[in-house]
Amino acid sequence: MKNMTLGHIAEICGGTYVGKEADREKEVTAVTTDSRKAEPGSLFAAIKGERVDGHSFIPSVFEKGALGVLSEHELQDAAGNYILVSSTLDALKAIAEDYLEQLEIPVVGITGSVGKTSTKEMVAAVLSQKYRTLKTAGNFNNELGLPLTVFRLTQEHEIAVLEMGISNFGEMHRLAKIAKPDTCVITNIGQCHLEFLGDRDGVLRAKTEIFDFLRPDGHIILNGDDDKLETVQDVKGIRPVFFGIGKDNDVYADRIEKRGLDGISCRIHTKQGSFTTLIPIPGVHMVLNALAGTAVGLHYGLTLDEIRAGIESLQPVSGRFHIIHTENYTIIDDCYNANPVSMKASLEVLQDGLGRKVAILGDMAELGADEEQLHYGVGEFAGGLDLDCCICVGPLCRHLADGIQSVNGQMEVHCTEHLQDLLKQLDRLVKRGDTVLVKASHCMHFEKIVGKLTDM
């Protein structure tokens, strides 16, 4: 890792180096918080978690040849070099900030209430047509995940696409300090983390903290169809580029045609010209992701043909509207996370499925004081759709079921409070040939339903 010697690391994170003087100027080869991934030359960061304290694994990582360790405790008779710090997490953030600055590559920071991951995947797919691109993997988008993503960068990479997720005020400010994005993309302002952010105006304030460390010659790309984001004017003298379905946006789409679960086609218009594309993942929301990818691609010099090729190369991510075809079912695996906006979008797409359309829905977390009403509202929405069956899991989803039945008393609705109860009766609730949507907040562990359906 470029210039990442033990001595330099100790200096930038305010730590105290304890170890062989001859090793002080040796560069670490990687940084990890997983002792299983420790290897010769690596730096292991001991994180104290809710269940496991990483400090207990320090002896084993020394045995594996780790060059050094970040520790919050003085180590007695240490078998290797270590850097004593007051906070391992804060140290990792400082190291990541320094490392990213040394690499001097452009950074695209992506945030928003809904669609961060799918937009990140779209932007990376587009940019990969021209640049060696690193993107955030999985859910590594918070104050620990972002540094670990940065540490995956090498001097071979030409651009980084970093997803940035938050749940409270101040978090985005700290993430932006690490990333210092050249380009900021915000997908939308929805009803997420209201338990901490209060309302959508609070969400807007929290998300736009991403501008706090925007580079002076930076670029801002916003969803112009979002009523909150459209109010954002010049930021630090930088005029946002807006994307959306509306023709008054800088990048917009028309001729939108659903192709069932095979995807959605549209024509995208830019100041440089227009093109028609088939997005290989269904849902009108995917058009917005393609528009964001187009806007980013144009900024970084891609041709319209390269942008179209990137859009059409997009691959689904497990748990993020991943369509699985089995011998008995078509499964829409969208179980990684949920909020009212994304839940409604997924339910709309379910209507395009073959056979019976079955929605297995679970509680949406962190919605604050209005959580019951928000679940009820999603139920009212679902009740007006062309669906055959809805299976509601969790105490909050009982309100969703009530919402369905207030609108459509004919829809087949089942409720259970516990996931294990559903798993026991799943084989009698779904039928061969069904298209099944599986969606809930991550804390509901609905990946177990996907696994069960896949094996049935």
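Rules used throughout
- Residues numbered from 1 in each chain as written.
- Predicted model: local features only at pLDDT ≥ 70, side-chain atom pairs only at ≥ 80, totals over all residues.
- Heavy atoms only, no water.
- Helix = DSSP H or I, 4+ residues; strand = E, 2+ residues; numbered from the N terminus.
- Rg over C-alpha atoms; globule rule 2.2 N^0.38 Å.
- Buried < 20%, exposed > 50% of the residue type's maximum accessible area, 1.4 Å probe, protein only.
- Contact = heavy atoms within 4.5 Å.
- Areas by Shrake-Rupley, 256 points an atom, 1.4 Å probe, with all protein chains shown as cover.
- Lys, Arg positive; Asp, Glu negative; His and termini not counted.
- Charge placed at Lys NZ, Arg CZ, Asp CG, Glu CD.
- Salt bridge = Lys/Arg side-chain N within 4 Å of Asp/Glu carboxyl O.

### Focus: the overall build of the protein
Moving on, step 1. When its secondary structure is counted, the protein shows 15 helices and 20 strands.
Moving on, step 2. Relative to a compact globule of 456 residues, whose C-alpha radius of gyration would be 23 Å, the protein shows 24 Å and is just as compact.
Moving on, step 3. Seen along its three principal axes, the alpha-carbon backbone of the protein occupies a region of about 75 × 55 × 40 Å.
Moving on, step 4. Within the protein, buried positions represent 57% of all 456 residues.
Moving on, step 5. Counting contacts in the protein only where the partners sit at least 6 residues apart, residues at least 24 apart contribute 64% of the total.
Moving on, step 6. Roughly 19100 Å² of accessible area belongs to the protein as shown, and the carbon and sulfur atoms make up 46% of that amount.
Moving on, step 7. Distance from the positive charge centre (45 side chains) to the negative charge centre (65 side chains) of the protein: 3 Å.

### Quick look at the pattern of salt bridges
Moving on, step 1. Inspection of every chain in the model, using the stated rule, returns 24 salt bridges.
Moving on, step 2. Residue Arg24 pairs with Glu21 through a salt bridge whose shortest N-O separation is 2.8 Å.
Moving on, step 3. With a relative accessible area of 54%, Glu21 lands in the exposed category.
Moving on, step 4. With a shortest N-O distance of 3.5 Å, Arg239 and Asp250 are connected by a salt bridge.

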